[in-house]
There are 2 protein chains.
Amino acid sequence: MQLIDGKAVAEQVKQEIAAEVAKMVARGQRAPHLAAILVGHDGGSETYVANKIKACAVCGFKSSLIRFEETVTEAELLEAIDRLNRDEGVDGFIVQLPLPKHIDEQKIVEAIDYRKDVDGFHPVNVGRTCIGLPSFLSATPAGILELLRRYHIETAGRHVVIIGRSNIVGKPLANLLMRKDYPGNATVTVVHSYSSDIKEQCLSADIIVCALGRPRFLKADMVKPGATVIDVGTTRVPSEQTKSGFKLTGDVDFEAVAPKCAYITPVPGGVGPMTIVSLMKNTLLAGSKAVF
Amino acid sequence: MQLIDGKAVAEQVKQEIAAEVAKMVARGQRAPHLAAILVGHDGGSETYVANKIKACAVCGFKSSLIRFEETVTEAELLEAIDRLNRDEGVDGFIVQLPLPKHIDEQKIVEAIDYRKDVDGFHPVNVGRTCIGLPSFLSATPAGILELLRRYHIETAGRHVVIIGRSNIVGKPLANLLMRKDYPGNATVTVVHSYSSDIKEQCLSADIIVCALGRPRFLKADMVKPGATVIDVGTTRVPSEQTKSGFKLTGDVDFEAVAPKCAYITPVPGGVGPMTIVSLMKNTLLAGSKAVF
């Protein structure tokens, strides 16, 4: 069994990006600039945004943080987005989700110019990804592809089972893994809460991606020996063993499943660190106008 | 075994659309207006467009045909599209594919205002379909959903295997059948030319959709008793028994497979007639501004 070290890969990719940025700057271009809009003071969102800003520094990007209080109106937020859309000094930007209930998230996502949508959530980017056109890939699926690539894990003709059909992981990952490319060319099955055959499907899988958000859902008796298991789950489970009082727990019963696997991602330190790196890659692409 | 009569369903849907249009007109609204751009004189394209115009008449739509010779430039075509985009009297329009080689099809598709893209090929519609937002659905997948609906075929929790991963059938149909809706909530597997497990996957399927374009590909020993088989294939196979010298042949070895099925679509008369009906439904939606 080989552990897929997402943290190490993430560091490596950030160094590669930093080298690219250094070259850009040496050529007289400016460094890519990522802006982030953060509404309110939710602990999770604060941490995510802080980590993104930190990653920008490592990559040599310029970054800006635009803060609003919980009470911000939808109109004010749309105005800020419009300013960023028109600001030629900003290459890409994100609006950290979730947003307060009085704001229509989908409207916000669609207000972002798709050419600056480095989260890859805009319908134009989702559609272009699906069709196989150049696009900003959604962060988590892109991170998973990068891990498969760095560990040279074969996907062509293999059976990939994705547990979970979310718009930000399951569905886009399914579309990516069936395209004519590497990683891709896989037989792809998506199972979810309505599926009656999850165990059978998993047992036939060469690669299992767990993205349902149920701690320790995938048990050892659901995994074929030699399979690759990618764990997207990160549920905060109460724990007496940590200072914070909780422990990040994946969708995989790691201790029991790992011995059966050819490759497996841990939680934390697997897919998680790759998600921010995907955002960095999109920002580099946006800065070098490589997609649009 | 019950034959799914696509021709009869198509006629019924057209009558339902005509009744809707009659109501619109009685309310003082104008009838929906579909325009079609046809380049050159390819026999297949001529027939498809003629059938679409005929269907418009049955539905009570206004239709316009805009013809160009093979020699039309991309700029001229883009100009025509721009005029249709701005023409408030046109609710939706299509550019019949394929186009001559000197024209960039993807550029043409993306030039169409997505709010008039009744073929559902624009990235915005593909992306919105994928995310589960209101959109113009691509014609063939929408036609298949309609057949499943009219025959009350259960999809929730069932295993659907789609053979073929094209942008106009396999991929969008996979996205639609996994969404939280009826038809949908299915375990969806997409197999294709790289898949090594097509037979095993098909044998476990409750519903098989063949959309690979290889005559008689699906054999009886690949089908579980009681399965539903949807045949999207329409290959022109040379035949001495027809006046035209060819016979439309599906991807299913119909005579051998049919006896094992709960439901099966014939070729011709199955999915084919539904494709034009989906275009009519999109045109009705465009005319009543029900999507955008």
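The structure we're discussing is the one just above.
Let me begin by describing the structure that accompanies this report. Since this is a predicted model, take the numbers as computed values, not measurements. (Residues numbered from 1 in each chain as written. Chains lettered and ligands numbered in written order. Predicted model: local features only at pLDDT ≥ 70, side-chain atom pairs only at ≥ 80, totals over all residues. Heavy atoms only, no water.)

1. Notes on the sheet that holds strand β4 (residues 92–95) of chain A
Residues and elements named next belong to chain A.
Stage number 1. Spatially, the three strands line up as an open sheet ordered β3-β2-β4, and their pairing is parallel. Of all strands in the sheet, those with a lone pairing partner are β3 (62–68) and β4, marking the two edges. Neighbour-to-neighbour, the strand axes of the sheet open up by a mean angle of 15°, direction not taken into account.
Stage number 2. As defined by bridge partners, strand β2 (residues 33–39) adjoins β4 across four bridges and the pair is classed as parallel. Counted as the bridge partner of A35 is F93 from β4. (Pairing = 2+ DSSP bridges. Helix = DSSP H or I, 4+ residues; strand = E, 2+ residues; numbered from the N terminus. Axes fitted to C-alpha atoms, helices over the stretch in contact; angles between N-to-C directions.)

2. Some thoughts on the relation of the copies chain A and chain B
Stage number 1. When chain A is fitted to chain B, the residual RMSD is 0.0 Å, and the transformation amounts to a turn of 180° plus an axial shift of 0.0 Å. Both copies of the chain, as the preceding transformation shows, are related through a two-fold rotation axis.
Stage number 2. An overlap of 100% is found between the interface residues of chain A and their copies at the interface of chain B, pointing to a shared contact surface. (Least-squares fit on C-alpha atoms with pLDDT ≥ 70 in both. Contact = heavy atoms within 4.5 Å.)

3. Focus on the pattern of salt bridges
Oppositely charged side chains can form a pair if their charged atoms are brought close together.
Residue and element names in this part refer to chain A.
Stage number 1. Taken as a whole, this structure holds 38 salt bridges over all chains when the rule is applied.
Stage number 2. Residue R30 is joined to D91 by a salt bridge in which the shortest nitrogen-to-oxygen separation is 2.8 Å. Here D91 lies in the loop between α3 (74–86) and β4 and R30 lies in the loop between α1 (6–26) and β2, a separation of 61 residues in the sequence.
Stage number 3. What emerges from the salt-bridge pattern is a single network uniting E16, E146, R149, R150 and K281. (Salt bridge = Lys/Arg side-chain N within 4 Å of Asp/Glu carboxyl O.)

4. Regarding helix α2 (residues 43–59) of chain B
Residue and element names in this part refer to chain B.
Stage number 1. The first and last C-alpha atoms of α2 sit 24 Å apart over 17 residues, in line with the 24 Å expected at 1.5 Å per residue.
Stage number 2. Buried within α2 we find G44, S45, V49, K52, A55, C56 and C59. For α2, the buried positions fall inside an angular range of 125° around the axis, keeping them on one side. Turned more than 90 degrees away from the buried face of α2, the exposed residues are K54 and A57.
Stage number 3. Contacts from the buried residues of α2 go to α1 (6–26), β2 (33–39), β3 (62–68), β4 (92–95), β9 (235–238) and α10 (271–287).
Stage number 4. Positive backbone phi, approximately 85°, marks G60, located one or two places after α2. (Expected span 1.5 Å × (residues − 1). Buried < 20%, exposed > 50% of the residue type's maximum accessible area, 1.4 Å probe, protein only. Arc of directions from axis to C-beta.)

5. A closer look at unusual backbone geometry
Stage number 1. Look at the link from V267 of chain A to P268 of chain A: it is a cis peptide, with omega at 0°.
Stage number 2. Of note, P268 of chain A is situated in the loop between β11 (263–264) and α10 (271–287).
Stage number 3. Look at the link from L97 of chain B to P98 of chain B: it is a cis peptide, with omega at 0°.
Stage number 4. Its place among the elements puts P98 of chain B in the loop between β4 and α4 (105–111).
Stage number 5. With a phi close to 50°, H152 of chain B is a non-glycine residue in the positive phi region.
Stage number 6. Within the secondary structure layout, H152 of chain B lies in the loop between α6 (139–150) and β5 (159–163).
Stage number 7. Judged by its relative accessible area of 69%, H152 of chain B falls in the exposed class.

Geometric values such as these leave the question of function open.
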